Amino acid sequence: MVGRVTYEQAGGGTRRDLFADEQSGVFLADAVLLDALARDKLAAVAEDVRAEGWGWVEAAPRATYADLHAFQRVRATRREPGKAEAKRIAKLEAEQAKLQERLDDENEAIGDDEAQALQDAMDAIGNDLDGIERTLLVYPVGVVPVAGAVVSLDSEGAVVVHRGLLREDEAKALRTQQRGAEAEDDARETGAQEQTEGEPPSLTISEKLARRLSAHRTAALQAEVARHPHVALVAVVHRLAQRIVLEGYHGSSLNISADPQDRLEQHASEVADAPAAVGMRKVREAWGQRLPEDSEALFAELLAMPQSELLSLLAVCVGFTVSAITSRESDRPAALLAQAVALDMGQWWTPTAAGYFEHVSKAKALEAVQVFAPGEVHRLAKLKKAQIAAEAERLAAGSGWLPAIFRAPEAVAQEAEHQGEAQDTEAAADDEGAEETQALDEAA
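Attention here is on the structure that accompanies the text. Predicted model, so just to flag it, every value in this text is computed and none were measured.

**Focus: the overall build of the protein chain**
The helix and strand inventory of the protein chain stands at 16 helices and eight strands. Looking at the protein chain as a whole, 32% of its 444 residues qualify as buried. Accessible area of the protein chain: about 27200 Å², with a carbon and sulfur share of 53%.

So this is what it looks like as structure tokens:
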């Protein structure tokens, strides 16, 4: 994973035995530097794995069997590939087989360079097949946001990712969550049986839109944490106290290994132009111009820095580690952090057709309009989806409306209760009007 050239360029020392040559007999003497370089290499892979939505991801170049045995592991089930996926798999396997035949053909003279090129091509195809295979693995509902993954190196130096790992308290929390989910399912099923035949089902948003909106929420939360040094300090101490003093492994919205969560564009391409993201980039660039790159010079600079400025820098750094991506509308990652900084998404996000209304069903869009422009619902219901999205954006302007994923659960529940009361009142009024009409007809 870390070549000797890279190691030596970083200042690593070597030791050679009497029979050393270019291929053997050379030993890398600085294990600490080698480990640091390996971690740097694994950081990019860990970031990609983290984007899959895992609750935590750690880079551990030397993870042993004993280290991994300390975790409980959640097994995924493999779904059948779709037609497009099956076709892609068959094509890649055919290409791989042709390359293997060339390598195995004793009648064809292949030089070392060509053989290596063929092997590299086979490895690339193998990586593509592994990537497709990973998309076919399905974990139980609720596992991915709670469980984690360890990115490590095998004995040959190749990257290996151990997914679906649970620490003891995470396993307990997941079991409790699953029992609660089962109870909710039972209650929901009972409620569905009692539901009147004409009552519409509850509406929700897609997982893709949930991730998109949560990317905006993450950017806003990062900016708010950067503006609240005290909360940032509390978050860091909270995380460290759990791990060091209490010896716990509770989930956290912080990545204490200080990997910046700055690739939110993969969930929402427009988030790069969002006020929160733009502001964070400017602050980061300003600090980057001020701080020296040399490690010793940086330490001296920080040591001489006033505490207020040091806390401001801490807040920026902590802010960039915050991750609150979710694929479920009902989830609220980093809820305590959001509460501590009094996160108000209305200051950071505006409902638009392109950002929300075009990506939900017609019924879901009308559900939103019912909140901020109830008198327009009947008119909009007759329009096409694109027209509804455009009108909803216009009507939502200045209303302060936010989708449920941006609001506290209690506020969402209260709104649902008010809507239910309003619908009951409207239904009662309709019934009363019908009775009056019938009475007038009978009198006539």
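**A word on helix 15 (residues 385-396)**
Compared with the 16 Å implied by 1.5 Å per residue over 12 residues, the 16 Å span of helix 15 between its first and last C-alpha is a close match. Where helix 15 is concerned, the buried positions are Ile-388, Ala-389, Glu-391, Ala-392, Leu-395 and Ala-396. Residues of helix 15 that are buried sit in contact with helix 13 (362-372) and helix 14 (377-380).

**A closer look at the nonpolar core**
Counting 60 residues, the largest nonpolar core has Tyr-356, Phe-357 and Phe-372 as its most contacted members. Of all the secondary structure elements, the ones that give two or more residues to this core are helix 7 (207-226), helix 8 (229-245), helix 9 (275-290), helix 11 (307-321), helix 12 (335-340), helix 13, helix 14 and helix 15. Broken down by element, this core gets its largest block of residues, 10 residues, from helix 7. Setting aside its immediate chain neighbours within four residues, Phe-372 contacts Phe-357, Ala-392, Leu-395, Ala-396, Ser-399 and Trp-401. In this structure, Leu-42, Ala-149, Leu-153 and Leu-174 belong to the second largest nonpolar core, which totals 15 residues.

**A word on the environment of Ile-405**
Note that Ile-405 resides in the loop between helix 15 and helix 16 (409-443). For the pair formed by Ile-405 and Ile-205, sequence separation is 200 residues and the distance between their alpha carbons is 9.5 Å.

**Some words on the packing of helix 9 against helix 11**
At a minimum axis distance of 11 Å, the contact between helix 9 and helix 11 shows a crossing angle of 130°. As judged from the angle between their axes, helix 9 and helix 11 are oblique. In the crossing of helix 9 with helix 11, the sense of the turn from one axis to the other is left-handed. Contact residues: Met-280, Val-283, Arg-284, Trp-287 and Arg-290 in helix 9; Glu-309, Ser-312, Leu-313, Val-316, Gly-319 and Phe-320 in helix 11.

**With respect to the packing of helix 4 (residues 83-104) against helix 5 (residues 112-135)**
Taken N-terminus to C-terminus, the directions of helix 4 and helix 5 make an angle of 160°; their axes are 10 Å apart at the nearest point. Here helix 4 lies roughly antiparallel to helix 5, going by the angle between them. For the crossing formed where helix 4 meets helix 5, the hand is left-handed. In contact with Glu-85, Arg-88, Ile-89, Leu-92, Glu-93, Glu-95, Gln-96, Leu-99, Gln-100, Arg-102 and Leu-103 of helix 4, helix 5 contributes Glu-114, Ala-115, Leu-118, Gln-119, Ala-121, Met-122, Ile-125, Gly-126, Asp-128, Leu-129, Ile-132 and Thr-135. Partitioning the contact of helix 4 with helix 5 into residue classes produces 11 nonpolar, five polar and seven charged.

**A short note on the packing of aromatic side chains**
Tallied over the entire structure, the rule returns nine aromatic pairs. A ring pair is formed by Tyr-356 and Phe-357, whose centres lie 5.3 Å apart and whose planes are at 85°; its orientation type is edge-to-face. Judged by its relative accessible area of 1%, Phe-357 is buried. One aromatic cluster in this structure is built from Trp-349, Tyr-356, Phe-357, Phe-372, Trp-401 and Phe-406. Over the ring of Trp-56 we find Arg-167, and its NZ or CZ is 3.8 Å from the ring centre. Taking the ring centre of Phe-320 as reference, the NZ or CZ of Arg-284 above it sits at 4.6 Å.

**Structural notes on the environment of Ala-90**
By secondary structure assignment, the location of Ala-90 is in helix 4. Of the residues examined, Ala-90 reaches a relative accessible area of 44% and is grouped as partly exposed. With 39 residues separating them along the chain, Ala-90 and Leu-129 place their C-alpha atoms 9.8 Å apart.

**Some remarks on the pattern of salt bridges**
Per the counting criterion, the structure on display carries 18 salt bridges. Salt-bridge contacts for Glu-133 lead to Arg-78; the nearest nitrogen and oxygen are separated by 2.5 Å. Here the residue Glu-133 occupies a position in helix 5, and Arg-78 occupies one in strand 5 (residues 77-78), the gap between them amounting to 55 residues. In this structure Arg-78 comes out as partly exposed when scored by relative accessible area, which is 42%. For Arg-290, the salt bridge is made with Glu-301, and the minimal N-O distance between the two is 4.0 Å. Residue Arg-290 is found in helix 9, and its partner Glu-301 is found in helix 10 (residues 295-304); the two are separated by 11 residues along the sequence. Shared partners join several salt bridges into a network, and the residues in it are Glu-376, Arg-379, Glu-391 and Arg-394.

**Quick notes on the sheet that holds strand 4 (residues 72-73)**
Here four strands make up an open sheet; going across it, the order is 3-7-8-4 and the pairing mixed. Two strands lie at the open edges of the sheet, namely strand 3 (56-59) and strand 4, each paired on one side alone. Bridge analysis of strand 7 (residues 148-153) against strand 8 (residues 159-166) gives six bridges, and the strand direction is antiparallel. Following the sheet pairing, Ser-152 is matched in strand 8 by Val-160.

**Quick word on the pairing of strand 7**
Along strand 7, six of the six residues are buried, which leaves the element largely enclosed by surrounding structure. Side chains Gly-148, Val-150 and Ser-152 of strand 7 all project onto a buried face; the interleaved residues Ala-149, Val-151 and Leu-153 project onto the opposite face, where all are buried too. Relative to strand 7, strand 3 runs parallel, the two being bridged by four bridges. For Glu-58, the partnering residue across the bridge sits in strand 7 and is Val-150.

Conventions and cut-offs
Per chain, residue numbering runs from 1 following the sequence as it is written. Under the rules for a predicted model, residues below a pLDDT of 70 receive no local features and side-chain atom pairs below 80 are neither given nor counted, while totals for whole chains, interfaces and linings still include all residues. For the side-chain quantities, the full set of heavy atoms in the structure was used; hydrogens and water were omitted. Only DSSP runs of H or I reaching four residues or more are called helices, and only runs of E reaching two or more are called strands; each is numbered from the N terminus. Think of it in three bands: residues with accessible area under 20% of the maximum for their type are buried, residues over 50% are exposed, and the middle band is partly exposed, with areas taken using a 1.4 Å probe on protein chains only. Under the convention used here, a 1.4 Å probe and the Shrake-Rupley method define accessible areas, while residue burial counts only the protein chains that appear. Each residue after the first adds 1.5 Å to the expected span of a helix. Any two residues whose heavy atoms approach within 4.5 Å are treated as being in contact. The term nonpolar core refers to a set of buried residues drawn from Ala, Val, Leu, Ile, Met, Phe, Trp, Tyr and Cys, joined through side-chain atoms within 4.5 Å. Between the N-to-C directions of two axes lies an angle of 0 to 180 degrees, each axis being a line fitted to C-alpha atoms and, for a helix, fitted only over the stretch in contact. Roughly parallel refers to an angle under 35 degrees, roughly antiparallel to one over 145, roughly perpendicular to one between 65 and 115, and oblique to any angle outside these ranges. The hand of a helix crossing depends on one turn: near helix anticlockwise from the far one by less than a right angle means left-handed, and clockwise means right-handed. For this scheme, ten residues count as nonpolar: Ala, Val, Leu, Ile, Met, Phe, Trp, Tyr, Cys and Pro. Four count as charged, namely Asp, Glu, Lys and Arg, and the remainder, Gly too, count as polar. Here a Phe, Tyr or Trp ring, Trp counted by its six-membered ring, pairs with any other such ring whose centre lies within 6.5 Å, and the pair is stacked when the planes are under 30 degrees apart, edge-to-face when over 60, and tilted otherwise. Here, over-ring charges are defined by two tests on the NZ atom of lysine or the CZ atom of arginine: distance to the ring centre within 6 Å, and angle to the ring normal within 35 degrees. A carboxyl oxygen of Asp or Glu within 4 Å of a side-chain nitrogen of Lys or Arg is what we treat as a salt bridge. Two strands make a pair as long as DSSP finds a minimum of two bridges between them.

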